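Report on the structure
The chain contents come next:
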Amino acid sequence: MSRIGKKIIALPDKVTVGVAGGEIKVSGPKGNLSRALPRDIEVVQEGKTLSIRTTHESRRAGAMHGLMRTLIANMVTGVSAGFTKGLEISGVGFRAELAGTTLKLFVGYSVPSIYEVPQGITVKVEKLITLTVSGIDKELVGRVAAEIRGMRKPEPYKGKGIRYAGEVVRRKVGKSAGA
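Residues numbered from 1 in each chain as written. Predicted model: local features only at pLDDT ≥ 70, side-chain atom pairs only at ≥ 80, totals over all residues. Heavy atoms only, no water.

**Points about the packing of aromatic side chains**
The condition is simple: Only rings of Phe, Tyr and Trp enter the pairing, Trp through its six-membered ring, and a pair is recorded when the two centres are within 6.5 Å. The plane angle decides the type: under 30 degrees is stacked, over 60 is edge-to-face, the rest tilted. Placement of a charge over a ring requires the Lys NZ or Arg CZ to be within 6 Å of the ring centre, with the centre-to-atom vector within 35 degrees of the ring normal.
Under the defined criterion, the tally for this structure stands at 0 aromatic pairs. Taking NZ or CZ as reference, Arg95 lies 4.1 Å from the ring centre of Phe106, over its face.

**Topic: the sheet that holds strand 1 (residues 9-10)**
Using the following cut-off: At least two bridges found by DSSP between two strands are what make those strands a pair. Where helices and strands are cited, they refer to DSSP runs of H or I of at least four residues and of E of at least two residues respectively, numbered from the N terminus. Contacts are residue-level and defined by heavy atoms, with any inter-residue pair within 4.5 Å sufficient. To get an axis, a line is fitted to the C-alpha atoms, and for a helix only the part in contact is used. The angle between two axes follows their N-to-C directions and goes from 0 to 180 degrees.
One open sheet holds the 3 strands; their spatial order is 1-6-5, and the pairing between them is antiparallel. The sheet is open, and its two borders are formed by strand 1 and strand 5 (41-46), each paired with just one other strand. Sheet topology places strand 1 next to strand 6 (residues 49-54); 2 bridges connect them, and they run antiparallel. What sits directly across from Ala10, in strand 6, is Thr49. Each of strand 1, strand 5 and strand 6 is contacted by helix 2 (residues 59-80), which is oriented at about 160 degrees to strand 6, the strand it contacts most.

**Section: the pairing of strand 7 (residues 83-90)**
One ladder, built from 6 bridges, connects strand 7 with strand 12 (residues 130-135); its direction is antiparallel. Across the sheet, residue Glu88 finds its bridge partner in strand 12, namely Thr130. With 4 bridges connecting them, strand 7 and strand 13 (residues 161-164) associate as antiparallel partners. The residue bridging Glu88 from the neighbouring strand is Arg163, located in strand 13.

**Brief notes about unusual backbone geometry**
Selection criterion: Burial classification: accessible surface area is computed with a 1.4 Å probe over protein chains only, and a residue below 20% of its type maximum counts as buried, one above 50% as exposed, and the rest as partly exposed.
You will see that Lys14, though not glycine, has its phi angle at about 70 degrees, which is positive. Tracing the chain through its elements places Lys14 in the loop between strand 1 and strand 2 (16-20). Judged by relative accessible area, which is 70%, Lys14 ranks as exposed. The backbone of Leu128 sits at a positive phi, close to 65 degrees, despite the residue not being glycine. Within the fold, Leu128 resides in the loop between strand 11 (121-126) and strand 12. Look at Leu128 and you get partly exposed, because its relative accessible area is 45%.

**Considerations on helix 3 (residues 138-150)**
Put simply, the rule is: To estimate the expected span of a helix, subtract one from its residue number and multiply by 1.5 Å.
Under the 1.5 Å per step criterion, the end-to-end length of helix 3 is 18 Å for 13 residues, consistent within 8% with the ideal 18 Å. Listing the buried residues of helix 3 in full gives Leu140, Val141, Val144, Ala145, Ile148 and Arg149. Against the buried residues of helix 3 lie strand 7, strand 9 (102-106), strand 10 (113-116), strand 11, strand 12 and strand 13.

**A few points about helix 2**
The first and last C-alpha atoms of helix 2 sit 33 Å apart over 22 residues, in line with the 32 Å expected at 1.5 Å per residue. If you check which residues of helix 2 are buried, you get Ala61, Met64, His65, Gly66, Met68, Arg69, Ile72, Ala73, Met75, Val76, Gly78 and Val79.

**Focus on the nonpolar core**
In globular proteins that are soluble, nonpolar side chains generally tend to be buried together. The condition that has to hold: Residues enter a nonpolar core if they are buried and are Ala, Val, Leu, Ile, Met, Phe, Trp, Tyr or Cys, with the set joined through side-chain atoms within 4.5 Å.
Core analysis: the largest hydrophobic core is formed by 21 residues, its most contacted members being Ile89, Leu103, Leu105, Ile121, Leu131, Val133 and Ile148. Listing elements by their share of this core, those giving two or more residues are strand 7, strand 9, strand 11, strand 12 and helix 3. Take this core: its biggest share by element is 5 residues, from helix 3. Excluding anything up to four places from it in sequence, Ile148 contacts Leu87, Leu103, Leu105, Tyr115, Leu131, Val133 and Ile162.

As structure tokens, then:
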């Protein structure tokens, strides 16, 4: 059995969980999420707690035990509190603009890079160089932030580009003038 899989998930107030037909549905004040359950995993609700169990002992069931517990815990956190990821833009003239669900990034190319924000995700632009990606699905928030960062990754010589908030980019020394 997985150490992580054995941990019990505490349900906050206003969060409800339903398991039916091999699918788990979690709903809360911020929205609803659902995910298919593998055939080796069962979810048992006891009052305001959830426990994840395996139906039989196998290598695959053990591998899925901890994974599904973490995914379900992330679903519960998402519908109750949500997830956010911060991005910072650095570089002379680099900036971002948001018009509806279209994000325009001016990051050193001849034309602005355009990114369509998917449904269920909100992006806020603060001071033209700080972005905040938020939503209830942790996986989707992380993927959107990675796709935006991938439009202009920070380069190691001047540090220009889009980076995660708090990310440290190791700088390289440029060429020396001569010897």
